[in-house]
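A look at the structure
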Amino acid sequence: MGHTSLERIIALQKKTAHIRNLCILAHVDHGKTTLADCLVASNGIISSRLAGKLRYLDSREDEQIRGITMKSSAISLHFTTGGVEFLINLIDSPGHVDFSSEVSTAVRLCDGAIVVVDAVEGVCPQTQVVLRQAWLENIRPVLVINKIDRLIVELKLTSQEAYIHLQKILEQVNAVTGTLFTSKVLEERAEKDAGSQSSCTENESGDHVYDWSAGLEETDDSDLYFSPDRGNVVFASAIDGWGFSIHQFAEMYSQKMGIRSSVLLKTLWGDFYLNAKAKKIMKGAQSKGKKPLFVQFILDNIWSMYDAVVTRRDKEKVEKMVTSLGLKVMSRDLRHSDPKVLLSAICSQWLPVSQAVLSMVCEKLPSPAEISAERVEKLMSVGARRFDSLPDKTQELKKAFLDCSADETAPVIVFVSKMFAVDSKALPQNKQRPLTQEEISQRRELARQRHAEKQAATQSAESLASGDAGGASIPAAPAAACVTDALCTQTEALSVKTTVEEENKEHFVAFARVYSGVVRKGQRVFVLGPKYDPSLALRALPEGCSVSDVLPSIPHMSCCTVDSLYLLMGRELEELDEVPSGNVLGIGGLEDFILKSATISTSPACPPFTPLNFEATAIVRVAVEPKHPSEMPKLVRGMKLLNQADPCAEVLIQETGEHVLVTAGEVHLQRCLDDLRERFAKIEISASKPIIPFRETVVRPPRVDMVNEDLGKQQKVAVIHQVKEEQSKNPDGVQVDSSGLVSLTTPNKMATVGVRAIPLPEDVTHLLEDNVELIRTMEQFNLSVREGKTLVISQKILENIQDFKVKLESHLQGHKWRNAVDHIWAFGPRRCGPNILLNSIEGYRRPSLWQCLETEKTESSTLRDFDNSIASGFQLATLAGPMCEEPLMGVCFSVESWDMKISTPVAQQDSIDEDSQPAELNDEHSDASPASANRSWSRAEAAGSSVDCYGPFSGQLIAAVKEACRYAFQAKPQRLMAAMYTCEIMATAEVLGRVYAVLSKREGRVLQEEMKEGTDMFIIKAVLPVAESFGFADEIRKRTSGLASPQLIFSHWEIIGSDPFWVPTTEEEYLHFGEKADSTNQALKYMNAVRKRKGLYVEEKIVEHAEKQRTLGKNK
Ligand SMILES: Nc1nc2c(ncn2[C@@H]2O[C@H](COP(=O)(O)OP(=O)(O)OP(=O)(O)O)[C@@H](O)[C@H]2O)c(=O)[nH]1
Ligand SMILES: [Mg+2]
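Computed from a predicted structure; not experimentally measured. What you see as residue numbers is a count from 1 along each chain, following the sequence as written. Each chain takes a letter, starting from A, and each ligand takes a number, starting from 1, following the order in which they are written. Side-chain atom pairs in this predicted model are given and counted only at pLDDT of 80 or more, local residue features only at pLDDT of at least 70, and totals for whole chains, interfaces and linings cover all residues. Note that the side-chain values use all heavy atoms of the structure and ignore hydrogens as well as water.

1. Notes on the overall build of the chain
Secondary structure elements follow DSSP: runs of H or I no shorter than four residues count as helices, runs of E no shorter than two count as strands, and numbering proceeds from the N terminus. Each helix and strand in the chain was counted, giving 36 helices and 36 strands. Accessibility here uses a 1.4 Å probe with only protein chains present; expressed as a share of the type maximum, an area under 20% marks a residue as buried, one over 50% as exposed, and anything in between as partly exposed. Burial status across the chain gives 48% buried among its 1116 residues. The contact criterion used is simple: two residues touch if any of their non-hydrogen atoms lie within 4.5 Å. Expressed as a percentage of contacts within the chain between residues at least 6 apart in sequence, the contacts between residues at least 24 apart total 74%. Within the structure as shown, the chain displays about 55,700 Å² of accessible surface, and the carbon and sulfur contribution to it stands at 52%. Where accessible areas are quoted, they stem from the Shrake-Rupley method and a 1.4 Å probe; at the residue level, only the protein chains shown are allowed to cover.

Structural data, given as structure tokens:
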């Protein structure tokens, strides 16, 4: 606990205005945990000598070994400034992109953040991400520019150069904040405009005045930016234990020089210099070639300290400095062979970083009571719902949030952002604590008694042996005692065993924060899942009911009792009885009620909090299995625990029965596997190679061949030829014409559909990908209309949908796409994917997909029967394409004809509804290949023409549409799409060549290379296929001796240029590639790998050179 007692912290927890909840955010390796160490050391929890070396909050073994943080962890610290005591709940977060979901869980619980930036590396990709995350959560940031020592020791900058360098870094950070701010103002402006309908106003003279200023001018943004004179920037070197804000120096020099500290505060940072003669501070240091005050008063001192201690090791000068600063340094440190020890001994006394950072935090960051109304509304309104559309009782809770009161009457509102596993040994109730004096004497007494009993027993046994043989009257007590003794030991052994098992059990602790009221041990509360709907519950529950009543079951709501409350102290937990509003805490005993995150409240009107903003996309998947098949149940249980313990990892069982683990990246995968092995399953497991996702698409026919010869007419002939050839392979009932239109008839010959596949422009695909949520909302709306209900969509979302439609129209230009947007039938797969089903059937007008945008009902347009079956067929076709059963992307299927010969059997249509889809989906999967379709055809013919024997008609139509889509897809040039990572690699000039070598070996492409200003580092931006990325970071690190370490971030999908089905056709191609064309075809390689994994047929020659082998055989 350090030198603050638990009682002290409990008392501080009650003073909401003096609490600060904050997290440390930064790019990987910029020094968050090192800085946290310094802050922790200020509370005496670790020794200040070890601060920066211990990395106390990196409590996992693999965190220590790899040197990166993998989870966010909290610690409560005590700090006094200006005579006021503060409680600081500090959360350290990981910077590695694989664990960015952990950052989201931390940011949600805080009111402020310390953003750390490396003074050499400056703003890096993750710095931007965390600034955005802080922004999205409306929390206030302060800045720490860390590792200033590197400017002195590594880059060997002069103090003047360093000043310019620091200015640049500050500009970079402010530029990121500026962009965030601008986009927000513009958005608000757009909203305001929508409210007043138009920004066009008529002035007195009747002229139209258009106000096209964006509103940026009027909005005050001065609070937003980081600037040392505003006191929200600290310059530090966490490893050497020093840090300062210009406030400290302003105080120091105002005493020394008699200048008012308010003047110094304004001038210590900026273009000011000291005119010694006039005894004045003047502006224009740069133009006059003078030293700015910041350099003269601050940096020069630090530079000369480093010079004396580290570079020149000038003992006399050091001693002089130490005495002039009034510091005490132990002679042991003075004599130490490593100058860094002396340096940190001096600096941590002179400019202790904890003092600078913590006083900035207390001054500049808000207390929990200062939560803004805007933030509360954001937290309370989930998804597309507007805050004012929530039930009245729910809206009333806003006041509770704003009050942040710890009154008895205030409703309890707690948010759990993640669940983390702790060993039961680490729980405070199971911890061994030193015995009190009383207990010791009690134990002594007990031992004495036992000893006395034993002696009495031996004495009586002796007397028994020496007594007369005929003594039948002697009681059999000792024997009986033996039996009971034996029994006792047995039961004892049993209980020991169970406690051992108990001890090994994982306990989950919820990482949470109280927003209102007081949580108590033993209190009963509602646990509200992310999908809980308060309006539904308020209707179903009796008025004024409480948690302890017997209540009807409400979806996504459960009741439970709070088992235990903990104070989070890094590696340790301390038990608490109650926690008042505004504090971060751990809650035990919720593992059966909460999977990953939840809201806890005593009021059923409480809405679930908005889901966390996760930045990472889970993309790396592996199949796992136990080494010994009999241990499967253990693995399943372990995976379930892992799923609960990690905010980002997903665990699924695929249709094939494989247990699949989906993770954010390679490092995350490794950690998940380690956790499974050592913690959750405790068995040996083997993991498959990562399963790499692909997408399938079609492209326009190429204009040049593989040797860059213009294809011209000759190729067209070839294409037709090819189509003809393929047609001969097609089964009966399928017709493909030369333009790629596929006509297919259902087995009962009652319906024929004509489908064509058209590649979507790239912009459209991106647009669809970016607007998945909007498409989903539209889909929900249309579904509710079909069911006769209405769904209220907020104005903002409607505008976004309108915007999306306009954009889509502007991208789909040209003859081919005339009116296409209005004729969109569906999106797929899963009704929201990046593929389009287009209604090009003459004479069929179906209700528009954009119904939600229509203000009044337009002319009657009805759904034809079986409309749904066509859409379902499309969904299935886009879920798994013909190349390797991967989802499609960027394909438009245009249904050009749909002829029906029957009068609709209504009853059958009803038999297929939304619910029956998943089952169908699985069925269709196994039946996917054209060959099986073929089989069903012949079976159909043999069975005659009765309708029934083919099953329900809707089913037949679904299958027919699906097959038609697949053939239509195959009639076009097909391509695979690969998932791509972007990475930014920072490397010095010497290792640049090696970085390039590794990149090109792995099919990477360099997008940009630039020199980082003021350093000798190069920044290379590159893209790299996910398929080639495994081991990339390691390889780069090894080849550059650890100088470059890239982070991979999923970026986009990219078409692989080569055609997997390519064979040489033109003469030039034969000449260039030979008849077999066995030079590597990357796309074919990927496709076959996927097909093999899925157990699909792979066309490969096993014996390549049969003749040669025979000759060899003969020669033997
Ligand atoms: N020269 C120098 N090195 C530092 C300083 N602060 C931290 N480091 C070093 O930077 C490396 C990374 O420090 P960490 O504190 O683990 O960085 P982090 O930001 O917590 O990293 P992640 O949690 O993995 O994102 C360690 O090797 C530290 O010793 C500093 O002020 N100066
Ligand atoms: Mg760290």
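Next comes the rest of the description.
2. Considering the pattern of salt bridges
Any carboxyl oxygen of Asp or Glu within 4 Å of a side-chain nitrogen of Lys or Arg constitutes a salt bridge here. Evaluation of the coordinates by the stated rule reveals 41 salt bridges. Close ionic contact of aspartate 118 with lysine 147 constitutes a salt bridge, the shortest N to O distance being 3.5 Å. Highlighted residues: aspartate 118 in strand β4 (residues 112-118) and lysine 147 in the loop between β5 (140-146) and α6 (148-153), separated in sequence by 29 residues. Of the two residues, aspartate 118 and lysine 147, both sit in the buried class. Notably, a salt bridge pairs aspartate 674 with arginine 677, separated by 3.8 Å at the nearest N-O pair. Pair noted here: aspartate 674 and arginine 677 are both in helix α22 (residues 666-680), with a separation of 3 residues, about one helical turn. The class for aspartate 674 is partly exposed, based on a relative accessible area of 22%. Because the salt bridges share partners, they merge into one network encompassing Arg60, Asp62, Asp646, Arg671 and Asp675.

3. Side note on the coordination of the magnesium ion (ligand 2)
Excluding water, the donors of a metal are its N, O and S neighbours within 2.8 Å, or within 3.2 Å for Na, K and Ca, and that exclusion means sites may look incomplete. Within the protein, the atoms that donate to the magnesium ion (ligand 2) are Thr33 (OG1) and Thr69 (OG1), at distances of 1.8 to 1.9 Å. Within this pair, whereas threonine 33 is found in helix α2 (residues 32-41), its partner threonine 69 is found in the loop between α3 (61-66) and β2 (73-81), the two being separated by 36 residues in sequence. Judged by its relative accessible area of 6%, threonine 33 falls in the buried class.

4. Some words on the side chain of aspartate 37
Inspection of the secondary structure assignment puts aspartate 37 in helix α2. An unpaired buried charge is present at aspartate 37: no salt bridge exists, and arginine 55, the closest side chain of opposite charge, is 6.7 Å distant. Polar contact is defined as a pair of N or O atoms within 3.5 Å, subject to the rule that within protein one atom must be able to donate a hydrogen and the other to accept it, and that residues adjacent in sequence are counted only when both atoms are side-chain atoms. A distance of 2.8 Å separates a polar side-chain atom of aspartate 37 from the backbone nitrogen of tyrosine 56. In this structure aspartate 37 touches Ile46, Leu50, Ala51, Gly52, Lys53, Leu54, Arg55, Tyr56 and Leu57, once residues within four positions along its chain are discounted. For this count, His and the chain ends are skipped, Lys and Arg are scored as positive, and Asp and Glu as negative.

5. What about the site of ligand 1?
Here a residue is considered near a molecule or strand provided that any single heavy atom belonging to it is located within 4 Å of it. Neighbouring residues of ligand 1: 19 residues in total, closest Lys32, Thr33, Thr34, Thr69 and Asp149. Contact distances for ligand 1 include 3.4 Å between an oxygen atom and a backbone N or O atom of histidine 30. Within the contact set of ligand 1, a nitrogen atom lies 2.7 Å away from a side-chain nitrogen or oxygen of aspartate 149. Starting from 640 Å² of accessible surface for ligand 1 in isolation, the protein chains cover 84%. When residues of the shell around ligand 1 are traced back to their parent elements, those giving at least two are α2 and α6. The dominant element in the shell around ligand 1, judged by the number of residues it contributes, is α2, at 3 residues. Classification used: nonpolar for Ala, Val, Leu, Ile, Met, Phe, Trp, Tyr, Cys and Pro, charged for Asp, Glu, Lys and Arg, polar for all others including Gly. Classifying every residue of the shell around ligand 1 gives 4 nonpolar, 9 polar and 6 charged.

These values are about where atoms sit, not about what they do.
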